[in-house]
Amino acid sequence: DGGITQSPKYLFRKEGQNVTLSCEQNLNHDAMYWYRQDPGQGLRLIYYSQIVNDFQKGDIAEGYSVSREKKESFPLTVTSAQKNPTAFYLCASSIRPGVTSGNSYNEQFFGPGTRLTVL
Amino acid sequence: GIQVEQSPPDLILQEGANSTLRCNFSDSVNNLQWFHQNPWGQLINLFYIPSGTKQNGRLSATTVATERYSLLYISSSQTTDSGVYFCAPYSGGGADGLTFGKGTHLIIQP
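As the structure is a prediction and not an experimental result, all values here were calculated from the model.

Brief notes about the interface of chain B and chain A
Part 1 of the reasoning: Listed by partner, the interface residues are 21 residues for chain B and 24 residues for chain A.
Part 2 of the reasoning: Across the chain B to chain A interface the summed buried area is about 1800 Å²; carbon plus sulfur atoms make up 49%.
Part 3 of the reasoning: Our count for the contact surface shared by chain B and chain A stands at zero salt bridges.
Part 4 of the reasoning: Taken together, the links from chain B to chain A amount to six residue pairs in polar contact (both at pLDDT 80 or more).
Part 5 of the reasoning: Counting only elements with at least two residues in the side of chain B that touches chain A, the list comes to strand S4 (31–37), strand S5 (43–48) and strand S9 (83–90) of chain B.

Encoded structure:
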């Protein structure tokens, strides 16, 4: 089945530790995204990548890092510099922005998310 | 960036009722998506609708791009419709992700 997987589902971290969240997709999408969701809020963009070996900061990139070595994978590292990392993290993918497919322009599809708690 | 406002923030209805959720946005858009976030946090794609009207079963959506709003209609509500509904426009430029509103929290009571 085509889709987006994220692991782990739940993650606990001690203060001062870096942690890496996994996101994999088999939809053959060029673009991938990381969003953060806080309780009662909408999603906010952390980082995005349009193609392999390229990525750009979103609205709230401070304290996070990413890599894009393979088309299928876009891992997110939450570093100790992130002051308030407890949140729900969602990964998404789409065809490359600026490219249309049928009637869809950058329609994004989301993984199931990872809940990160800092102890 | 684009600003998104959703209303109402909370809505409690009885099973079988109809509802209309509204999304206002501050700029022209190339894409607008509606999502349903279920109690486990999964975002489910409902509609991709930068303009016009679409229907899918009991749900339909209309976007009037020139007036910068979109509406999501839910008819004959079921308890499984409960959750948070997000509107997320994309203003284009090929660079940024979607911009999300704060959502409408819908509770359908049996």
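We are not done yet, so read on.
Side note on the pairing of S4 of chain B
Residue and element names in this part refer to chain B.
Part 1 of the reasoning: Of all seven residues making up S4, seven are buried, and the element is well covered by its neighbours.
Part 2 of the reasoning: By the bridge criterion, five bridges tie S4 to S5 in an arrangement that is antiparallel. What sits directly across from Trp34, in S5, is Phe47.
Part 3 of the reasoning: Between S4 and S5, which pair antiparallel and follow one another directly, the connecting turn spans five residues, one of which, Gly41, has a positive phi of 95°.

Structural notes on the packing of aromatic side chains
All names here are of chain B.
Part 1 of the reasoning: Scanning the entire structure with this criterion turns up ten aromatic pairs over all chains.
Part 2 of the reasoning: Summarising the aromatic geometry, the rings of Phe35 and Phe100 are spaced 5.7 Å apart at their centres and angled 25° between planes, so their arrangement reads as stacked. Residue Phe35 is located in strand S4, and its partner Phe100 is located in the loop between S9 and strand S10 (104–109); the two are separated by 65 residues in the primary sequence.
Part 3 of the reasoning: Relative accessible area serves as the criterion here: at 0%, Phe35 is assigned to the buried category.

Examining the nonpolar core
All names here are of chain B.
Part 1 of the reasoning: Of all hydrophobic cores here, the largest spans 21 residues; its most connected members are Trp34, Leu46, Phe47, Leu72, Tyr85 and Leu106.
Part 2 of the reasoning: Counting only elements with at least two residues in this core, the list comes to strand S2 (10–14), strand S3 (19–25), S4, S5, strand S7 (59–64), strand S8 (69–74), S9 and S10.
Part 3 of the reasoning: Among the elements that take part in this core, S3 stands out by supplying three residues, more than any other.

Some points on the sheet that holds strand S6 (residues 52–56) of chain B
All names here are of chain B.
Part 1 of the reasoning: The five strands are arranged S1-S3-S8-S7-S6 in an open sheet whose pairing can be described as antiparallel. Taken across any chain shown, the strands that pair with only one partner, and hence form the sheet edges, are strand S1 (4–7) and S6. Neighbour-to-neighbour, the strand axes of the sheet open up by a mean angle of 15°, direction not taken into account.
Part 2 of the reasoning: Sheet topology places S1 next to S3; four bridges connect them, and they run antiparallel. Bridge pairing in S3 places Ser7 opposite Arg22.

Procedures and definitions
- Residues numbered from 1 in each chain as written.
- Chains lettered and ligands numbered in written order.
- Predicted model: local features only at pLDDT ≥ 70, side-chain atom pairs only at ≥ 80, totals over all residues.
- Heavy atoms only, no water.
- Contact = heavy atoms within 4.5 Å.
- Buried area = accessible area lost by both parts, 1.4 Å probe.
- Salt bridge = Lys/Arg side-chain N within 4 Å of Asp/Glu carboxyl O.
- Polar contact = N/O pair within 3.5 Å; in protein donor to acceptor, adjacent residues only side chain to side chain.
- Helix = DSSP H or I, 4+ residues; strand = E, 2+ residues; numbered from the N terminus.
- Buried < 20%, exposed > 50% of the residue type's maximum accessible area, 1.4 Å probe, protein only.
- Pairing = 2+ DSSP bridges.
- Phe/Tyr/Trp six-rings, centres within 6.5 Å; stacked < 30°, edge-to-face > 60°.
- Core = buried A, V, L, I, M, F, W, Y, C linked by side-chain atoms within 4.5 Å.
- Axes fitted to C-alpha atoms, helices over the stretch in contact; angles between N-to-C directions.

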